[in-house]
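# Architecture and fold: a report
One letter stands for each residue in the lines below.
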Amino acid sequence: AMLPYFASGRVVTGFGRGGKQLGCPTANLEDATVSDLPVDFDCGVYYGFASVDGGPLNGMVMSIGWNPQFKNTRKSMEVHILRSFDDDFYGSFLKIVITGFVRPMTSFSSLDELVKAIDEDIRIAREKLTTDDLNKYAAHEFFNTSI
Ligand code: ADP
Ligand code: MG
C-alpha cells in the first residue's frame, strides 16, 4: 500500500561497515529523509530506481534497517545503484522511487551468507525491474522537477 514510495535527500557517509568491501557500496540517505518515512514502513530489502544529481534513472536495490550509528534507535536508508561509478558521490542529491519489496531484514550468521544474500537480492531486483517501469518513472514529474 505504501509503494511506490518517492524519497530524496543528500548522500551522507555511513557507518563504513563494508558496503564497498562487500562489493556493494550503498549510498546512505541523510537523516531528514529517513525521518520522513512512515513509522510503519517495514524494514527490509526493496528495489526501484534512483537518480543522482538529476542524472538518468538507474535500477537500485536498497535496505531500510536500523542504523547502528544511532544505537539502532533510527532507521537508515541505503541505496545500491545497479551501475558502476568512477567516483564517489557523497554530498550528491539522490532521488529514488521504491517500487517493490524483496525480503524482510534478517541477520546472518556468517559473512559468506550475507554476501550470498546480497548477490541474490541484486539478482531478484534486476529480474523484477522492467524497462516499462523505468520509462514510466523517468517521465514522472518527481524526477523532472528540481529538488
Ligand atoms: P558508507 O558507509 O559511507 O555508506 P559504502 O561502503 O556503503 O560507505 O560506500 C558508499 C558510497 O560509495 C556512496 O555514498 C557513493 O558515494 C559510492 N558509490 C559508488 N558506487 C556506488 C553505487 N553503485 N551505488 C551506491 N553508492 C556508490
Ligand atoms: Mg553505505
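In this text, all values refer to a predicted model and were calculated from it rather than measured experimentally. (Residues numbered from 1 in each chain as written. Chains lettered and ligands numbered in written order. Predicted model: local features only at pLDDT ≥ 70, side-chain atom pairs only at ≥ 80, totals over all residues.)

Now for the overall build of the chain. Within the chain, the regular secondary structure consists of 3 helices and 6 strands. Put simply, the chain runs from its N terminus to its C terminus through helices and strands in the order β-β-α-β-β-β-β-α-α. Since a compact globule built from 147 residues should have a radius of gyration of about 15 Å, the 14 Å found for the chain is in line with a globular shape. The principal-axis extent of the C-alpha atoms belonging to the chain is close to 40 × 35 × 30 Å. Across the 147 residues that make up the chain, the buried fraction comes to 28%. Expressed as a percentage of contacts within the chain between residues at least 6 apart in sequence, the contacts between residues at least 24 apart total 65%. (Helix = DSSP H or I, 4+ residues; strand = E, 2+ residues; numbered from the N terminus. Rg over C-alpha atoms; globule rule 2.2 N^0.38 Å. Buried ≥ 20, exposed ≤ 12 C-beta atoms within 10 Å, placed from the backbone. Contact = placed C-beta atoms within 7 Å.)

In terms of nonpolar packing, the biggest core is built from 27 residues, with Ala50, Met60, Val79, Leu94 and Ile96 touching the most fellow members. Counting residues per element, the ones that place at least two in this core are β1 (5-12), β2 (27-29), β3 (44-52), β4 (58-66), β5 (75-81) and β6 (93-103). For this core, the element with the most residues is β3, which contributes 6 residues. The residues touching Met60, leaving out its near neighbours within four places in the chain, are Tyr47, Gly48, Phe49, Ala50, Val79, His80, Ile81, Leu82 and Ile96. (Core = buried A, V, L, I, M, F, W, Y, C linked by C-beta atoms within 7 Å.)

Per-residue confidence for the chain gives a mean pLDDT of 93, with 96% of residues at or over 70. The ipTM value of the predicted complex is 0.99, and its pTM value is 0.95. (pLDDT = per-residue confidence, 0-100.)

Further remarks concern the environment of Ala50. Considering the arrangement of structural elements, one finds Ala50 in strand β3. What makes Ala50 buried here is the crowd of 26 C-beta atoms within 10 Å. Along the primary structure Ala50 and Ile81 are separated by 31 residues, whereas in three dimensions their C-alpha atoms are 7.0 Å apart. Aside from chain neighbours lying at most four places away, what touches Ala50 is Leu57, Asn58, Met60, Val79, Ile81, Leu94, Lys95 and Ile96.

What follows deals with the site of ligand 1. Contacts to ligand 1 come from 19 residues, most closely from Gly14, Gly19, Lys20, Pro25 and Asp88. Among the elements of the structure, β2 and β5 are those that each provide at least two residues to the shell around ligand 1. For the shell around ligand 1, the residue count by class is 9 nonpolar, 8 polar and 2 charged. (Near = placed C-beta within 6 Å. Nonpolar A, V, L, I, M, F, W, Y, C, P; charged D, E, K, R; others polar.)

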